[in-house]
Every structure is written in C-alpha cells, then in structure tokens.
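# Analysis of the macromolecular model
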Amino acid sequence: MANMKKEQLEFLNWEFGVFLHFGIRTFNEGHKDWDMKEMPLSTFNPTQLDCDQWIKTIYEAGAKYAILVCKHHDGFANWPSAYTEYSVKNTPWKDGKGDVVREYVDACRKYGLKVGLYYSPAQFGSKEMVSTEYDDYFINQIRELLTGYGKIDYLWFDGNGSENHQYDTKRIVAAIRECQPEILIFNMWDPDTKWVGNESGVAHSPNKLTVGALDFSINKDIQDLLDEPLFLPTECDFRMRLTNWFYSENDVDTVKSVDELMGLYYYSVGRGANFLINIGPDRRGLLPDEDAAALLKFGAQLRKNFDASLDCKVTAEAKKLTFEMPHQLVNHVVLSEEIDPNCEIESFEIKAYPYYYGIPVTVYRGTTIGHKAICQFPTIRTEKVEVVFDKDKKVTGQLKYIPQY
C-alpha cells in the first residue's frame, strides 16, 4: 500500500514553478555540462543583482514556487560556504560579502513563494569525488543550506554525473530529514516527487501518481525498480529558451511564445503534473527582459483562460459527473479527483448532448485524472455534458469555453 504526505498534496497545488539557473557559468559563455573547463572566480560579478526583481516577476506571472541553483556541476557555491573556496566569498561581487541564496530566499518569503533549492550531488573542479571525504563535504554543504536560511520547502537533486559514484545515501538522507523534516526531495534516494523523464516539459498519458519504477535523474536507459509502490507527483522541467539552462547572449530568438508555453501547460498541469520553467538570470543579475516579458504574458493568458468557468448545475453520481445549463458553447472540461494513492481513475469518457435532440456524442477519451486533467476538444454547443469514469471516486469539475479563433 502506498502512502502519501500532506506536503506532497500541497506540492500538487503549487502547479507552476520557475527554475533559476544562475552561477559562475552565467559569466562564462559557451561552457557545457562536464566540459571540465576552468571558470575563474574573478568572472562572477553581477553588479545589478536583484532577486526581488526575479521573484516579483515570477509572482506576478502566477507561479507558486521557485528553485534556485545553489551549486551546479562546476562546484561553485552561490552562498559563502565554509567548505569550499570556490564560492561567492572569493569573487569581486560585493567584495566577497554577498550571498545569492540569502537574497533569493528573502525575496521568496516577501512574495509568499515556496522556496526550492537545487544542489548537484556530483561536481568537478573544487572537490574530488572520492568516497567518505566527498560525502562529508556533501552533507556539510547541505547542512549549511538547510539550517542557515529558515524553512526550505523543496530540495532538487540533479543526478547528472552521479552514475559511477557510490554515495552513502542513507546518511545523506538522514541529515536532510533531520535538518528539515517537512522538506520535499526531488526524485532521488528518498523521493517525494518524480522527474517526468524528459526536459521538454511534457508528461505522459497516463500519468499515474503511484508508481513501481522511476526515471532517476541520471543518465540511464532503463528505469529503476522500486522496492514498493510509491506515491510520487510528477514534475515537468524545461527551458524558456531552446538550448541553454544558464543565460546566453546568443539564443534570445528562441524564447518560447505564449502559444508554446500554453501547450506545455496542457501537457504538464493538464495531465496532473507540475509545470517548471527555467529562466537563466543574466550577467547584470536580472531576469532577461525578453524572458520576463514572455513569462508575464503567459501568466496573463493563463488567468484569461482559466480563471472563469461556465455557470451550470453539477450532479455527481456513481462513476459519473453531469453538467447541465442552457445551451452553451463548450470546449474544455477541467477535472480533479480526490487523491487516493491506492486507487486512481485510469480511464474516463466525456459525452456532450447535441443541443437539438439526439443521443450524446463522445468528445473526449482520457486516462488518468489525479490532481487535474484539462480536457480540450473541438467547440460544441450543448445543454448537457456527462463524464463517465471507470471507478467510483469523488470527482469535481468545471466547464469552460475558451475561444480558439
């Protein structure tokens, strides 16, 4: 039997988050993951750093959480870590007195966003990955992050580069849980959420909440089998720009359109997963103008499309939900089921009654619902819509008409 935590249910309600890749690589154009090239500390100097600008923009777009890269694969610490010299404390920025993590966390609290921190377990450069000594370093840095900045809601591990290293995972996880008992851990070792398995922002259908295998976020061709089924909400991470996680001055023409972002919202939140879009703050220390504008336009479109619903009478019966209203144009049904990790709806069908007599027409067939299923179909005029499920569960829903042309 799979169990769930209240924090996991809260995570599903977050729905929309923003990833922030920022660090020494921001100032070293052209570097790739694991290229082992030196990035001098002297290059890090975001003279206009304004985490308030980041988080205010994210908040105004409607996101509920943010995740900051604290240490990427290069080992650079965005806080003045006592366990490495390769950190902000030895850079020109604020004469070594700055702390990006502090400014970010403070801004999240100001705007009421949930606080997520990214930490790459593996690295190159400033600390060799060797057995116990490296695990000690890992735990010491995690303790700094989880004890020095108040409540942290989410810890995001990226397993890239960890394929051939054996961590003392029990000791690491115990330290994390000791520091922050309510924290959510992304995808690895003692996961509370799961990676969707791609970096394109698209969830699969079906998208089950309870799973027996997992795509750990490392470079592997097969899934890892779990010892027992786990309740694990899905998160879909992707980039605002086509190819780069960190800021680049050469790809501004690839910032995603509102149309593409809306499509990814349907493929993530619309399939019961969370939508996590990455933006790389620029060398000023600000969200790039083009990326910020795209995010705000997307947020405005979300509100326009989904804040209002059609007024109708809703009747719930065993395995069925019925909507009735004076004849109306309809092209969306948004559904949510009561979450039970041991019993999930696996198929459903939406039928619309022709407004001028006749038997109902099937307009949509779906798989899982979970936290949310956004069901879009060609516009039809109807007085009655029925949704029939394969299981007798509590389901709520709304009808919407969103003009397409």
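The present account deals with the structure reproduced in this document. Since the model is a prediction, treat every value here as computed from it, not as a measurement.

Analysis parameters
Residues numbered from 1 in each chain as written. Predicted model: local features only at pLDDT ≥ 70, side-chain atom pairs only at ≥ 80, totals over all residues. Heavy atoms only, no water. Helix = DSSP H or I, 4+ residues; strand = E, 2+ residues; numbered from the N terminus. Rg over C-alpha atoms; globule rule 2.2 N^0.38 Å. Buried < 20%, exposed > 50% of the residue type's maximum accessible area, 1.4 Å probe, protein only. Areas by Shrake-Rupley, 256 points an atom, 1.4 Å probe, with all protein chains shown as cover. Axes fitted to C-alpha atoms, helices over the stretch in contact; angles between N-to-C directions. Left-handed = near helix turned anticlockwise from the far one by under 90°. Contact = heavy atoms within 4.5 Å. Nonpolar A, V, L, I, M, F, W, Y, C, P; charged D, E, K, R; others polar. Phe/Tyr/Trp six-rings, centres within 6.5 Å; stacked < 30°, edge-to-face > 60°. Lys NZ or Arg CZ within 6 Å of the ring centre and 35° of its normal. Pairing = 2+ DSSP bridges. Core = buried A, V, L, I, M, F, W, Y, C linked by side-chain atoms within 4.5 Å. 1 Å grid on protein atoms, 1.4 Å probe; cavity = no way out; pocket = protein on both sides within 12 Å on 5 of 7 lines; lining within 4 Å. Points joined across faces, edges and corners; volume = space filled by probe spheres on them. Polar contact = N/O pair within 3.5 Å; in protein donor to acceptor, adjacent residues only side chain to side chain. Salt bridge = Lys/Arg side-chain N within 4 Å of Asp/Glu carboxyl O. Right-handed = clockwise from strand over helix to strand, strands pointing away. Arc of directions from axis to C-beta. Expected span 1.5 Å × (residues − 1).

### Things to note about the overall build of the protein chain
In terms of regular secondary structure, the protein chain is built from 7 helices and 16 strands. In terms of C-alpha radius of gyration, the protein chain reaches 23 Å, essentially the compact-globule figure of 22 Å for 405 residues. Judged by the C-alpha coordinates and their principal axes, the protein chain covers about 75 × 45 × 35 Å. Expressed as a percentage of the 405 residues in the protein chain, the buried residues total 54%. As displayed, the protein chain has an accessible area near 17700 Å², and 48% of this comes from carbon and sulfur atoms.

### Re the packing of helix H2 (residues 51–61) against helix H3 (residues 100–111)
Relative to each other, H2 and H3 sit at 35 degrees, their axes nearing to 8 Å. Considering only the axes of H2 and H3, their crossing is right-handed. On H3, the residues touching Cys51, Asp52, Trp54, Ile55, Lys56 and Tyr59 of H2 are Val100, Glu103, Tyr104, Ala107, Cys108, Lys110 and Tyr111. The residue inventory of the contact of H2 with H3, partitioned by class, reads 9 nonpolar, no polar and 4 charged.

### Notes on the packing of aromatic side chains
Within a pair of aromatic rings, the relevant descriptors are the distance that separates the centres and the angle that separates the planes. Going through the model one piece at a time under the given rule, you end up with 37 aromatic pairs. An angle of 25 degrees between the planes, with centres 5.3 Å apart, marks the rings of Tyr119 and Phe138 as stacked. Note that Tyr119 is positioned in strand E3 (residues 114–119) and Phe138 in helix H4 (residues 131–147), a separation of 19 residues in sequence. Overall, Tyr119 belongs to the buried group, its relative accessible area being 0%. The buried category is assigned to Phe138, whose relative accessible area is 0%. When the ring of Trp156 is compared with that of Phe186, the centres are 3.8 Å apart and the planes differ by 10 degrees; the resulting orientation is stacked. A residue pair is termed long-range when its members are at least 10 positions apart, and Trp156 in strand E4 (residues 154–157) and Phe186 in strand E5 (residues 184–186) qualify at 30 residues. Across this residue pair, the class does not change: Trp156 and Phe186 are buried. The rings of Phe16, Phe238, Tyr265, Tyr266, Phe275, Phe298 and Phe306 are connected pair by pair, giving a single aromatic cluster. Taking the ring centre of Tyr353 as reference, the NZ or CZ of Lys384 above it sits at 4.8 Å.

### Overview of the sheet that holds strand E10 (residues 274–279)
Where strands meet in a sheet, backbone hydrogen bonds hold them as pairs that are either parallel or antiparallel. Strand order in this open sheet of 8 strands is E5-E4-E3-E2-E1-E10-E9-E6, and the pairing throughout is parallel. Edge positions in the sheet fall to E5 and strand E6 (194–195), since each has one partner strand and no second. Pairing analysis gives 2 bridges linking E6 to strand E9 (residues 234–239), with the strands arranged parallel. Its bridge partner being in E9, Lys194 is matched across the sheet by Thr234. Lying over the sheet, H2 contacts strand E1 (16–20) and strand E2 (65–71), oriented at roughly 155 degrees with respect to E1.

### Describing the nonpolar core
In terms of nonpolar packing, the biggest core is built from 78 residues, with Phe16, Leu20, Trp54, Ile55 and Tyr104 touching the most fellow members. When residues no more than four places from it in sequence are discounted, the contact partners of Trp54 are Leu20, Phe22, Leu49, Leu68, Val100, Pro281, Gly285, Leu286 and Leu287.

### A closer look at the layout of surface pockets
One number sums up the size of the second largest pocket: a volume of about 480 Å³. For the lining of the second largest pocket, the element with the highest residue contribution is helix H6 (residues 258–267), accounting for 5 residues.

### Overview of the side chain of Glu15
Residue position: Glu15 is located in the loop between helix H1 (6–14) and E1. Polar side-chain contacts of Glu15 include one of 2.8 Å to the side chain of His371. With sequence-adjacent residues up to four places away left out, Glu15 is seen in contact with Tyr65, Tyr265, Val269, Asn274, Phe275, His371 and Lys372.

### Details of the pattern of salt bridges
A side chain with one charge may pair with a side chain of the opposite charge, provided their charged atoms come close. On inspection of all chains with the given rule, the structure shows 29 salt bridges. One salt bridge in this structure joins Lys94 and Glu103, with 2.5 Å as the shortest N-O distance. Lys94 gets classed as partly exposed once you look at its relative accessible area, which sits at 45%. Exposure remark for Glu103: the relative accessible area of 22% places this residue in the partly exposed category. Arg284 serves as the salt-bridge partner of Asp289, at 3.5 Å between the closest nitrogen and oxygen. Overall, the relative accessible area of 28% leaves Arg284 in the partly exposed class. Connected through salt bridges with shared partners, the residues Lys5, Arg177, Asp190 and Asp192 form a single ionic network.

### A short note on the pairing of E3
The buried fraction of E3 amounts to 5 of the 6 residues, a majority that puts the element mostly inside the structure. Two strands pair when backbone bridges link them, and E2 and E3 are joined in this way by 6 bridges, in the parallel orientation. The residue of E3 that forms the bridge with Leu68 is Leu117. Traced from E2 through H3 to E3, the parallel crossover comes out right-handed. When E3 meets E4, the two strands line up parallel, connected through 4 bridges.

### Here we look at H1
Regarding H1, the residues found buried are Glu7, Gln8, Phe11, Leu12 and Trp14. Along H1, the residues classed as buried sweep out an arc of 150 degrees about the axis, all on the same side. After H1 finishes, the residue Glu15 shows a positive phi value of roughly 60 degrees.

### Side note on H3
In a regular helix each residue adds 1.5 Å, so 12 residues correspond to 16 Å; H3 covers 17 Å between its end C-alpha atoms and thus fits that length. The set of residues buried in H3 consists of Val100, Val101, Tyr104, Val105, Ala107, Cys108 and Tyr111. Projection of H3 onto a plane perpendicular to its axis shows the buried side chains occupying an angular sector of 160 degrees, all on one side. Among the residues of H3, the N-terminal cap falls to Asp99, whose side-chain oxygen and the backbone nitrogen of Val101 are separated by 3.1 Å. Positive backbone phi, approximately 75 degrees, marks Gly112, located one or two places after H3.

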